[in-house]
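Coordinates in review
One letter stands for each residue in the lines below.
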Amino acid sequence: MASVVWLFSFWFACFSLSVMAKRTYIVQMNHRQKPLSYVTHDDWYSASLQSISSNSDDLLYTYSTAYHGFAASLDLEQAEALRKSDSVLGVYEDEVYSLHTTRSAEFLGLDTELGLWAGHRTQDLNQASQDVIIGVLDTGVWPDSRSFDDSGMTEVPARWRGKCEEGPDFQASSCNKKLIGAQSFSKGYRMASGGNFVKKSKEKESPRDVDGHGTHTASTAAGAHVANASLLGYASGTARGMATHARVAAYKVCWSTGCFGSDILAGMDRAIVDGVDVLSLSLGGGSGPYYRDTIAIGAFTAMEMGIFVSCSAGNSGPSKASLANVAPWIMTVGAGTLDRDFPAYALLGNGKKITGVSLYSGRGMGKKPVSLVYSKGNNSTSNLCLPGSLQPAYVRGKVVICDRGINARVEKGLVVRDAGGVGMILANTAVSGEELVADSHLLPAVAVGRKVGDVLRAYVKSVANPTALLSFGGTVLNVRPSPVVAAFSSRGPNLVTPQILKPDLIGPGVNILAAWSEALGPTGLGKDTRKTQFNIMSGTSMSCPHISGVAALIKAAHPEWSPSAVKSALMTTAYTRDNTKSPLRDAADGGLSTPLAHGSGHVDPQKALSPGLVYDISTQDYVAFLCSLDYTIEHVRAIVKRQNITCSRKFSDPGELNYPSFSVLFGSKEFVRYTRELTNVGAAGSVYQVAVTGPPSVGVVVKPSTLVFKNVGEKQRYTVTFVAKKGKKVQNRMTRSAFGSIVWSNTQHQVKSPVAYAWTQL
């Protein structure tokens, strides 16, 4: 009997190992090589997999639009066998992407309900935007939110081919004329979680959002007007999305352990077929070659079909070269602040009152100061307030200073509360600088910048009995200066293609109020039992849907414009001065921001509707761009998904792409010359003059200096030559970068392009 038990244990261990050895791979096929014996590509993909695997469950997805190929569960030997096939372009292990989260309508000038809006009547724009569909790839949607109320909306556009998926907690009737589609894609996530072999996921397979992130982003892009919205009394007012009359389709591709590339690709594939006009993705991973980037590959097809794709830049700032989603056919969105704040205070025992921010909404601490402590325990992580790091005997009944970093800000408050603390001061370190992000903490808590944090740390060490009393100031408007670039917003330069300046622009991404899932509390923590219909969140995840919604408005006003024209309109009309009329500042250090942080500037929706001129880019231009990179012809074909690509036309420099901004990499060259083409989308007979700004180390010559457009739709070219002045070269090699601008203007329009200069490459 013992031998039988041993044999069974051995067999089960081997079976478990074989199961665990399987991973999800995305297989890219040369779709033009499909044998005539197969009716469809799906049949061919299935047969290709069956040639190495007899298990039909191994096939997770087949892709037909955003990508050509399939996702499958394979072991290493099977993956290698597929790589040897002539019809296979590549076999790539599934990657995990992360969500980019950490009063916007009024701030952007979208609150006007009557009158002219950059030459368009608001009522006409609202009517036209009902034909625009925004596809949001995220954590799903909470359909019961008032932000998705469809009152007054017309019938769903007849061209819509999407659906409302039934699930254990989601009915098809949950969709309406506002939320017109909801689907979920979980096979990649399930396989990474062990699939059906080892354990079943605790998450229900449905489009319902139990995370909150997807509901927040979808309502930011296109939520309806909701009066008396707030987060537990904070930011009270009317909540609304950017395009209040646009339609929303939710594609749930993100789950508890992340967003898997195979699921994202399936969502993009479906959204393109369904007929969306805008794709909004507040997620991303690391940067790499475009032929290995599933989002970039899917977005290329979307762009080619007239779909505008907006993606978050990432929350890895202020580190240099920390961007995600940098393909030039994607709008890469950074984050800035609003002119709204949530002040909170700490009165110290020495009489000094410090100011920070908070969204705490409980009873408070009362009026009696209590002891203030910081990092005096034996545990080396107690200063970070990591789980289990605080000694209850030491912090009970006290306010604890916690350094920001490593774990979630709201989790630090929970750690303090569970250890018996009565309050927390969350102090920034050098990494976060002076950026303040408000959170709905579970105990009285105030977040402060690095400088104030250093004052607090010094105070605790300098007196025998330091004390603090925390208090909260509610909501304050008209904060100056604003916007300020968020410290967390990812920065350039663009490591994938240094000749393309990224991010493209910034939008509101700090302390944004939008709809929320009622499946969890505002902190997202398991112990947070509070429920709220709206939540305040921060991240480039929040700025991305702002741009997606504004793009929907532009598409409503100009349905004939290409995605590149929409992108150009957003970029060339962005502003670079705050509400004090000073250059944009950076929250990381309080200094001036640069295009490596804010791109073209902060979005200006009204001006974007009427940009005057646009830099348009065709699919053929993007192909010539790809051919100028150090890619094989197969790599280019993998992105473009056409086998007749020969790269007979290619740029000598990737920077020759007709992009609305400039990134000049001198290297060993003394000059760089680019030609750009502008299309007149303003009035006939428009005349523009050029103006150039830049560092003394660079000479800039633009020819011609005047552009005359006799007709609407007319195209005119100009050539700009950038010359690195010899006497200044060494200095700039040390500073690595410098900045300037090229502006074409007349009395009605300013068409502005930032220029970033680099002498060496990171």
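Residues numbered from 1 in each chain as written. Predicted model: local features only at pLDDT ≥ 70, side-chain atom pairs only at ≥ 80, totals over all residues. Heavy atoms only, no water.

Bringing the overall build of the protein into the picture now. The secondary structure content of the protein amounts to 20 helices and 41 strands. A compact globule built from 762 residues would reach a C-alpha radius of gyration of about 27 Å, and the protein, at 27 Å, matches this within 12%. Split by element, the accessible area of the protein, about 29600 Å² in all, is 52% carbon and sulfur. Here the protein carries 75 positive and 60 negative side-chain charges, and the mean point of each set is 8 Å from the other. (Helix = DSSP H or I, 4+ residues; strand = E, 2+ residues; numbered from the N terminus. Rg over C-alpha atoms; globule rule 2.2 N^0.38 Å. Areas by Shrake-Rupley, 256 points an atom, 1.4 Å probe, with all protein chains shown as cover. Lys, Arg positive; Asp, Glu negative; His and termini not counted. Charge placed at Lys NZ, Arg CZ, Asp CG, Glu CD.)

Our focus in this paragraph is the sheet that holds strand β38 (residues 706-709). Read across the open sheet, the 5 strands follow the order β34-β41-β40-β36-β38; overall the sheet is mixed. If you trace the sheet from one side to the other, it starts and ends with β34 (662-665) and β38, each paired once. Direction aside, neighbouring strands of the sheet carry axes that sit 20 degrees apart on average. (Pairing = 2+ DSSP bridges. Axes fitted to C-alpha atoms, helices over the stretch in contact; angles between N-to-C directions.)

This paragraph deals with the nonpolar core. Counting 107 residues, the largest nonpolar core has Ile-264, Leu-279, Leu-281, Tyr-290, Trp-329, Leu-570 and Leu-626 as the members making the most contacts within it. The element contributing the most residues to this core is helix α14 (residues 540-557), with 8 residues. Contact partners of Ile-264, with chain neighbours within four places excluded, come to Tyr-97, Leu-137, Val-253, Cys-259, Leu-281, Leu-283 and Ile-295. Listed in part, the 28 residues of the second largest apolar core include Tyr-234, Met-424, Leu-443 and Phe-534. (Core = buried A, V, L, I, M, F, W, Y, C linked by side-chain atoms within 4.5 Å. Buried < 20%, exposed > 50% of the residue type's maximum accessible area, 1.4 Å probe, protein only. Contact = heavy atoms within 4.5 Å.)

Right, let's get into the state of the cysteines. The tally for this structure, following the rule as stated, stands at 4 disulfides. One disulfide bridge connects Cys-254 with Cys-259, the sulfur atoms lying 2.1 Å from each other. The sign of the S-S torsion, about 105 degrees, decides the handedness of the disulfide formed by Cys-254 and Cys-259: right-handed. One disulfide bridge connects Cys-385 with Cys-402, the sulfur atoms lying 2.0 Å from each other. Residues Cys-385 and Cys-402 are joined by a disulfide whose S-S torsion is about -85 degrees; by sign, that bridge is left-handed. (Disulfide = S-S within 2.5 Å.)

Tracing the backbone shows Ser-262 in helix α9 (residues 261-274). The contacts of Ser-262, once residues within four sequence positions are left out, are Thr-24, Ile-26, Tyr-61, Tyr-63, Ala-71, Asp-94 and Gly-188.

Before going further, it helps to examine helix α8 (residues 213-222). Turn by turn, an α-helix covers 3.6 residues, leaving residues three or four places apart pointing in a common direction. Burial analysis of α8 places 10 of its 10 residues in the buried class, the great majority of the element. For α8, every residue scored as buried is listed here: His-213, Gly-214, Thr-215, His-216, Thr-217, Ala-218, Ser-219, Thr-220, Ala-221 and Ala-222. Residues of α8 that are buried make contact with β5 (96-99), β8 (133-138), β12 (247-252), β30 (512-515), β31 (534-537) and α14.

This part is about the layout of surface pockets. The computed volume of the second largest pocket comes to approximately 750 Å³. Broken down by secondary-structure element, the contributors of at least two residues to the lining of the second largest pocket are α16 (595-598), β36 (686-693), β40 (737-745) and β41 (750-758). For the lining of the second largest pocket, the per-class residue count stands at 11 nonpolar, 17 polar and 4 charged. (1 Å grid on protein atoms, 1.4 Å probe; cavity = no way out; pocket = protein on both sides within 12 Å on 5 of 7 lines; lining within 4 Å. Points joined across faces, edges and corners; volume = space filled by probe spheres on them. Nonpolar A, V, L, I, M, F, W, Y, C, P; charged D, E, K, R; others polar.)

This part takes up the packing of aromatic side chains. Geometrically, a pair of aromatic rings is defined through the distance of the ring centres and the angle of the planes. Going through the model one piece at a time under the given rule, you end up with 23 aromatic pairs. Aromatic side chains Tyr-189 and Trp-255 sit 5.5 Å apart centroid to centroid with 10 degrees between the ring planes, which places their arrangement in the stacked category. Residue Tyr-189 is found in helix α6 (residues 187-192), and its partner Trp-255 is found in strand β13 (residues 254-255); the two are separated by 66 residues along the sequence. As far as the burial class goes, Tyr-189 and Trp-255 line up, both buried. Measuring from ring centre to ring centre gives 6.3 Å for Tyr-290 and Phe-625, while their planes differ by 40 degrees; the resulting arrangement is tilted. Placement of Tyr-290 in the loop between β16 (283-284) and α10 (294-304) and of Phe-625 in helix α18 (residues 619-627) is noted, with a sequence separation of 335 residues between them. Taken together through their ring pairs, the aromatic side chains of Tyr-290, Tyr-291, Phe-300, Trp-329, Tyr-622, Phe-625 and Tyr-631 make up a single cluster. A cation over a ring is seen here: Lys-353 above Tyr-345, with NZ or CZ 4.5 Å from the ring centre. (Phe/Tyr/Trp six-rings, centres within 6.5 Å; stacked < 30°, edge-to-face > 60°. Lys NZ or Arg CZ within 6 Å of the ring centre and 35° of its normal.)

Time to look at unusual backbone geometry. In this structure, the amide linkage connecting Gly-317 to the following residue, Pro-318, adopts the cis form with an omega of 5 degrees. Within the element layout of this structure, Pro-318 appears in the loop between β17 (308-312) and β18 (331-336). Looking along the chain, the bond that leaves Arg-480 and enters Pro-481 is cis, with omega of -5 degrees. Backbone geometry at Ala-321 places phi at a positive 50 degrees, although glycine is not the residue there. Of note, Ala-321 is situated in the loop between β17 and β18. Despite not being glycine, Cys-647 shows a phi value in the positive range, around 60 degrees.

How two helices sit against one another is set out by the angle between their axes and by the gap between those axes. Put simply, α10 and helix α19 (residues 633-640) touch, their axes get as near as 8 Å, and they point 60 degrees apart. Viewed along their axes, α10 and α19 adopt a mutual orientation that is oblique. The segment α10 lies against α19, with Ile-297, Phe-300 and Glu-304 engaging Ala-638, Ile-639 and Val-640. Across the contact of α10 with α19, the residue classes tally to 5 nonpolar, no polar and 1 charged. (Parallel < 35°, antiparallel > 145°, perpendicular 65-115°, else oblique.)

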